Amino acid sequence: MSAFKSDFLRILAERGFIHQISDETGLDDLFAREIVSAYIGFDPTAASLHAGGLIQIMMLYWMQQTGHRPVPLMGAGTGMVGDPSFKDEARKLMTIEQINANVEGIRQVFTKYLSFGDGPTDAIMVNNAEWLTKLNYLEFLRDVGVHFSVNRMLSFDSVKQRLDREQSLSFLEFNYMILQAYDFVELNKRYGIRLQMGGSDQWGNIINGIDLGHRLQTPQLFALTSPLLTTSSGAKMGKSMNGAVWLNADMLSVYDFWQYWRNTEDADVERFLKLYTTLPLAEIAKLAALGGSEINEAKKVLATEVTAMLHGREAAEAAAETARKTFEEGALADDLPSIEVAADELEFGIGLLSLLVQAGLAGSNGEARRHVQGGAVRINDVQVTDERRQVGPSDLTGDVAKLSVGKKKHVLVRPV
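*Asks:* Any chance you could explain the packing of aromatic side chains here in plain terms?
*Replies:* Pairs of aromatic rings are described using the distance from one ring centre to the other and the angle between the two planes. One pass over the full model with this rule turns up 10 aromatic pairs. Here the aromatic rings of Phe42 and Phe110 are separated by 5.0 Å at their centres, their planes lie at 65 degrees, and the arrangement is edge-to-face. Here Phe42 is found in strand E2 (residues 37-42), whereas its partner Phe110 is found in helix H4 (residues 96-110), with 68 residues between them in sequence. Owing to a relative accessible area of 6%, Phe42 belongs among the buried residues under this scheme. What makes Phe110 buried here is its relative accessible area of 0%. With a centroid separation of 5.6 Å and an interplanar angle of 75 degrees, the aromatic rings of Phe272 and Tyr276 are classed as edge-to-face. Of this pair, Phe272 and Tyr276 both sit in helix H13 (residues 269-276), 4 residues apart, which is roughly one turn of that helix.

If you want it as structure tokens, here you go:
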């Protein structure tokens, strides 16, 4: 990878964001001489993005910080089809009402990272339903579909792998890459966008858009992809033992979000500090050099910095303080995750195994039983070894009981 003269590409290269660029020299020259508009598409498959999408959001953040215009694209139109890329089967189709609700849910995240407005470098948020839902099918086939080779589309890894496994690929899904390519051309016409960014699994789709633009005589378009990240142990980014690490606070507590980053594997600390925080590289190098148990201090910095960008500095420091009290003092902290149980149900006693499942500390009674048998379960910091144990009023400290699995997973049980 060449030494870039533009601030944007240089920062992305130094911090590990770049996997592929369609034309390094051409794109670098473009960023060096003018304000560039670039977009990343986000399909509204849920009411929130999860931590796996943060790398894309940070790319948009650095665009704006280096004097360019970021454009997050809400894919309410393409979301009606569903991206088949590297999926084993078709996505479940959502209703238009579900899609629109999901769009509203994920909009709020971007205001934490980007400044929106009417200035030349202010971010704008657009929705491809604005043009995709108004297309005339026959005109679209004639004007756009004519430029796509089915033979070439079948050669893309995202399609080829599905067919090689003899898994069905519907005509509906096959249209997705045409619609995404058309988005790129339409965004160039409407907003002067020259660059599409995304994960490396989107490379073929983005190149389709560049090719379509060339055929429809747009200015030169560009592609830039980031690596698809997994943790050092091979786990998918954005997933935890308890499910997706959502970015919206109403779907995952600030404390749980902080804890996800605090539990980063040692080998990933430096990489994640570069990708997910804005700390200077020199400071990151110092943190990454910490050895032994001191690496935990770097993990706390990582967790607090990532959480502060999303939820605010005050909330991040409160989560860090909750963790300190919980782990270092063994205290009950009011802002630990909590669940509510019916007071009359608690009065008669709730089975420990079912309560662990209800609290999200185990995925099933069998898993809960294994936690108990392994000595990992505690009530109010006292180890529990009886899997038939009932949790009742006598377990309350004040008006809550603290239920724990291991040293890092805690939930407060509150009667209502």
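From this point on, the discussion continues.
*Asks:* Honestly, helix H3 (residues 54-65) in this entry has me stumped. Any pointers?
*Replies:* In this model, H3 (12 residues) spans 16 Å end to end at C-alpha, consistent with the 16 Å of a helix rising 1.5 Å per residue. For H3, every residue scored as buried is listed here: Leu54, Ile55, Gln56, Ile57, Met58, Met59, Leu60, Tyr61, Trp62, Met63 and Gln64. Note on H3: the residue one or two positions beyond its end, Gly67, has a positive phi of about 90 degrees.

*Asks:* What is the right way to read the sheet that holds strand E12 (residues 382-383) from this model?
*Replies:* Sheet architecture is open: 5 strands sit in the order E9-E15-E14-E11-E12, paired in mixed fashion. Pairing within the sheet leaves two strands with one partner each, and these edge strands are strand E9 (338-341) and E12.

*Asks:* What is the right way to look at unusual backbone geometry in this model?
*Replies:* Most peptide bonds adopt trans geometry, and most residues besides glycine take a negative phi value. Its identity as a non-glycine residue notwithstanding, Gln217 has a phi of 65 degrees, on the positive side. Structurally, Gln217 is set in the loop between helix H11 (203-215) and strand E6 (222-226). Using a relative accessible area of 73% as the deciding quantity, one classes Gln217 as exposed.

*Asks:* Can you walk me through the packing of helix H12 (residues 254-262) against helix H15 (residues 295-311) in this structure?
*Replies:* Where H12 contacts H15, the two axes come as close as 8 Å, and the packing angle between them is 140 degrees. As the angle between them shows, H12 and H15 are arranged oblique. Along this stretch, H12 crosses H15, giving a crossing that reads as right-handed. Contacts between H12 and H15 involve Val254, Phe257, Trp258, Trp261 and Arg262 on the former and, on the latter, Asn296, Lys299, Lys300, Leu302, Ala303, Thr304, Val306, Thr307, Leu310 and His311.

*Asks:* Could you clarify how one ought to interpret the pairing of strand E15 (residues 409-415) in this entry?
*Replies:* Consecutive side chains of a regular strand alternate in pointing toward one face of the sheet and then the other. Both E9 and E15 contribute to a ladder of 4 bridges, which runs parallel. Within E15, the residue paired with Ile339 across the bridge is Val413. Here strand E14 (residues 401-405) pairs with E15 via 5 bridges, running antiparallel. Each residue of the ladder has a partner; that of Leu403, found in E15, is Val411. Connecting E14 to the antiparallel partner E15 that follows it, the hairpin turn spans 3 residues, and Gly406 within it adopts a positive phi of roughly 70 degrees.

*Asks:* So what exactly am I meant to see when it comes to H11 here?
*Replies:* It helps to recall that an α-helix has 3.6 residues per turn; residues three or four apart then point in one direction. Between its first and last C-alpha atoms H11 spans 19 Å; for 13 residues at 1.5 Å apiece the expected length is 18 Å, and the two agree. Turning to H11, its buried residues number three or more, namely Asn205, Ile206, Asn208, Gly209, Ile210, Leu212 and Gly213. Lining the buried residues of H11 we find helix H7 (150-155), helix H10 (176-191), strand E5 (195-199) and E6.

*Asks:* What should I look at first to understand the pattern of salt bridges in this one?
*Replies:* In a structure, side chains of opposite charge can pair up when their charged atoms sit close to one another. All chains considered together, the criterion is met by 16 salt bridges. As a salt-bridge pair, Arg33 and Glu34 come within 3.6 Å of each other at their nearest N and O atoms. For Lys299, the salt bridge identified is with Asp266, shortest N-O distance 2.5 Å. On the criterion of sequence distance, the pair formed by Lys299 in helix H15 and Asp266 in the loop between H12 and H13 is long-range, its members being 33 residues apart. Residue classification places Lys299 among the buried residues on the basis of a relative accessible area of 7%. Using a relative accessible area of 48% as the deciding quantity, one classes Asp266 as partly exposed. Via salt bridges that share partners, Asp7, Arg10 and Glu14 belong to a single interconnected network.

*Asks:* What exactly am I supposed to notice about a nonpolar patch on the surface here?
*Replies:* Residues Tyr137, Leu138, Leu141 and Phe171 make up a contiguous nonpolar surface patch of about 470 Å² in total accessible area. With 3 residues, helix H6 (residues 137-143) is the single largest residue contributor to the nonpolar patch. With respect to the element layout, Leu138 can be found in helix H6. On the accessibility criterion, Leu138 (63% relative accessible area) is exposed.

*Asks:* Please clarify how the sheet that holds strand E3 (residues 69-74) should be interpreted in this entry.
*Replies:* Strand pairing in a sheet relies on backbone hydrogen bonds, with the paired strands running either antiparallel or parallel. Here we have 6 strands laid out as an open sheet, ordered E1-E6-E5-E2-E3-E4, and mixed in their pairing. Here the strands that pair on one side only, and so sit at the sheet edges, are strand E1 (20-21) and strand E4 (126-127). Relative to E3, E2 runs parallel, the two sharing 6 bridges. The partner of Phe42 across the bridge, within E3, is Met74.

*Asks:* Help me understand the side chain of Asp28, please; the structure alone is not making it clear to me.
*Replies:* Mapped onto the secondary structure, Asp28 falls in helix H2 (residues 24-33). The buried charged residue Asp28 lacks any salt bridge partner; its closest oppositely charged side chain belongs to Lys5, at an N-O distance of 5.3 Å. If we skip the residues at most four places from it in the chain, Asp28 touches Ala3, Phe4, Lys5, Ser6 and Leu9.

*Asks:* Sorry, what's going on with the environment of Ile379 here?
*Replies:* Looking at the element boundaries, Ile379 is found in strand E11 (residues 377-379). Considered as a pair, Ile379 and Leu396 are 17 residues apart in the sequence and their alpha carbons are 9.5 Å apart. When sequence neighbours within four positions are dropped, the list of residues in contact with Ile379 reads Leu352, Val384, Arg389, Val391, Asp395, Lys402 and Leu403.

Thresholds applied
Residues numbered from 1 in each chain as written. Predicted model: local features only at pLDDT ≥ 70, side-chain atom pairs only at ≥ 80, totals over all residues. Heavy atoms only, no water. Phe/Tyr/Trp six-rings, centres within 6.5 Å; stacked < 30°, edge-to-face > 60°. Helix = DSSP H or I, 4+ residues; strand = E, 2+ residues; numbered from the N terminus. Buried < 20%, exposed > 50% of the residue type's maximum accessible area, 1.4 Å probe, protein only. Expected span 1.5 Å × (residues − 1). Pairing = 2+ DSSP bridges. Axes fitted to C-alpha atoms, helices over the stretch in contact; angles between N-to-C directions. Parallel < 35°, antiparallel > 145°, perpendicular 65-115°, else oblique. Left-handed = near helix turned anticlockwise from the far one by under 90°. Contact = heavy atoms within 4.5 Å. Salt bridge = Lys/Arg side-chain N within 4 Å of Asp/Glu carboxyl O. Patch = residues over 30% accessible without salt bridge, like charges linked within 9 Å, V, L, I, M, F, W, Y side chains within 5 Å. Areas by Shrake-Rupley, 256 points an atom, 1.4 Å probe, with all protein chains shown as cover. Lys, Arg positive; Asp, Glu negative; His and termini not counted.

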